[in-house]
Amino acid sequence: MPQLIGLVLVVVLVMGGLVLTGGHGAMQALPFEIALIGGAAIGTILIGNSPKVAKEAFGGFVKSFQGSRWQRAQHRELLVLLSTLMRKVRQGGFVAIESDIEDPDSSAAFAAAPTALSDPSVRDMICDSFRLMALDLSDPARAEAHMEQSVSLHIDQRMKAVNALNTVADALPALGIVAAVLGIIKTMGSIDQSPAVLGMMIGSALLGTFLGVFLAYGVVGPVAARFGQIVEDEAQPLDVIRTVLSAFGGGVQPGIAIELGRTTIPVDQRPDAESVERAQTSARFAERAVA
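Attention here is on the structure that accompanies the text. Since the model is a prediction, treat every value here as computed from it, not as a measurement.

Let us now look at the packing of helix H4 (residues 72-92) against helix H8 (residues 120-135). Put simply, H4 and H8 touch, their axes get as near as 12 Å, and they point 15° apart. Looking at the two axes, H4 sits roughly parallel to H8. Considering the relative orientation of H4 and H8, their crossing is right-handed. When H4 is examined against H8, the residues Leu-78, Leu-81, Leu-82, Leu-85, Met-86 and Val-89 are found in contact with a partner set consisting of Val-122, Ile-126 and Phe-130. Here the contact of H4 with H8 is composed, by residue class, of 9 nonpolar, no polar and no charged.

Structure, rendered in structure tokens:
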């Protein structure tokens, strides 16, 4: 919501000033200039990136206003899920969670953490890490190395879309100059017109430079910055998983491993220890009731 308010404020103030000072010619040229510069910007994304990265970059505009899906409640659900799986391993070995990690969509433990289940990177990291630990109990460091690699690959992939938006923001002023040059070329073809007509045409041409700079620093640049923050926020659960399961694989008790993971969460998103403990207790009672 703050991002949407900021965008409305920027657009109203800047475009309002243009309406008041730009004149009739600038208003007539505005739709054409926006289409020209915007279309060229979209084209640069498509040219310079794979279809997957381009799709994520376009989605970054929506994501920057929606915010991260991972907040306190979702982090608490993730910690409870990890606690449930680790407790089942302690009680019955890795065979006790085989159905959970092989078919998480049908798992009651995953069903209690819908955000983790719907996030492919989080779901896959949990399942793959437990699977790797089950296959090679003698070397927990191998599972930890796999988790570190998964976190790094996820961030690198998502940052490609952020970089694509930053590239467009850097290119927009130049695209605005291109639009302005086209306007000047058109003006030069009408050099025999009156000064009033030429003045209106030159003003319309300079509108391209104005729009390029405005879109770069007033819209796309801030959107890219916010999208980058969200990418970092949504990578945080992967680091929580790595911390918890690395400790568990090293022989740490599940309760201590959960607390180690909880303290890695940023303060503004971190659930308090008491609420996590209550949620774990509720999960144990629910599991016994089903059994």
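Now for the packing of aromatic side chains. Under the defined criterion, the tally for this structure stands at 1 aromatic pair. Centre to centre, the rings of Phe-210 and Phe-214 are 6.1 Å apart; their planes meet at 5°, and the pair counts as stacked. Placement of the pair is Phe-210 and Phe-214 together in helix H10 (residues 195-249), with a separation of 4 residues, close to one helical turn. Taking the relative accessible area as the measure of exposure, Phe-210 reaches 28% and is therefore partly exposed. Overall, Phe-214 belongs to the buried group, its relative accessible area being 11%.

Our next topic: the environment of Glu-234. Looking at where Glu-234 falls in the secondary structure, it is placed in helix H10. Given the relative accessible area of 3%, Glu-234 is considered buried. For the pair Glu-234 and Ser-121, spaced 113 residues apart in the sequence, the C-alpha separation amounts to 9.8 Å. In this view, Glu-234 contacts Lys-63, Gly-67, Ser-68, Arg-69, Trp-70, His-154 and Arg-158; residues no more than four positions away in its chain are not counted. A polar contact is formed between the side chain of Glu-234 and the side chain of Lys-63, at a distance of 3.0 Å.

So, on to the nonpolar core. Across soluble globular proteins, nonpolar side chains show a tendency to be buried alongside one another. Grouped together as the largest cluster of nonpolar side chains are 36 residues, with contacts concentrated most on Leu-78, Ile-126, Phe-130 and Leu-245. Those elements that provide at least two residues to this core are H4, helix H6 (108-111), helix H7 (114-118), H8, helix H9 (140-188), H10 and helix H11 (254-262). For Leu-245, the contacting residues outside a window of four places in its chain are Leu-82, Met-86, Ser-129, Phe-130, Met-133 and Met-147. Counting 27 residues, the second largest nonpolar core, distinct from the first, contains Ile-37, Leu-207, Ala-216 and Val-220.

What counts and what doesn't
- Residues numbered from 1 in each chain as written.
- Predicted model: local features only at pLDDT ≥ 70, side-chain atom pairs only at ≥ 80, totals over all residues.
- Heavy atoms only, no water.
- Axes fitted to C-alpha atoms, helices over the stretch in contact; angles between N-to-C directions.
- Helix = DSSP H or I, 4+ residues; strand = E, 2+ residues; numbered from the N terminus.
- Parallel < 35°, antiparallel > 145°, perpendicular 65-115°, else oblique.
- Left-handed = near helix turned anticlockwise from the far one by under 90°.
- Contact = heavy atoms within 4.5 Å.
- Nonpolar A, V, L, I, M, F, W, Y, C, P; charged D, E, K, R; others polar.
- Phe/Tyr/Trp six-rings, centres within 6.5 Å; stacked < 30°, edge-to-face > 60°.
- Buried < 20%, exposed > 50% of the residue type's maximum accessible area, 1.4 Å probe, protein only.
- Polar contact = N/O pair within 3.5 Å; in protein donor to acceptor, adjacent residues only side chain to side chain.
- Core = buried A, V, L, I, M, F, W, Y, C linked by side-chain atoms within 4.5 Å.

Purely geometric stuff here, so don't read any function into it on its own.
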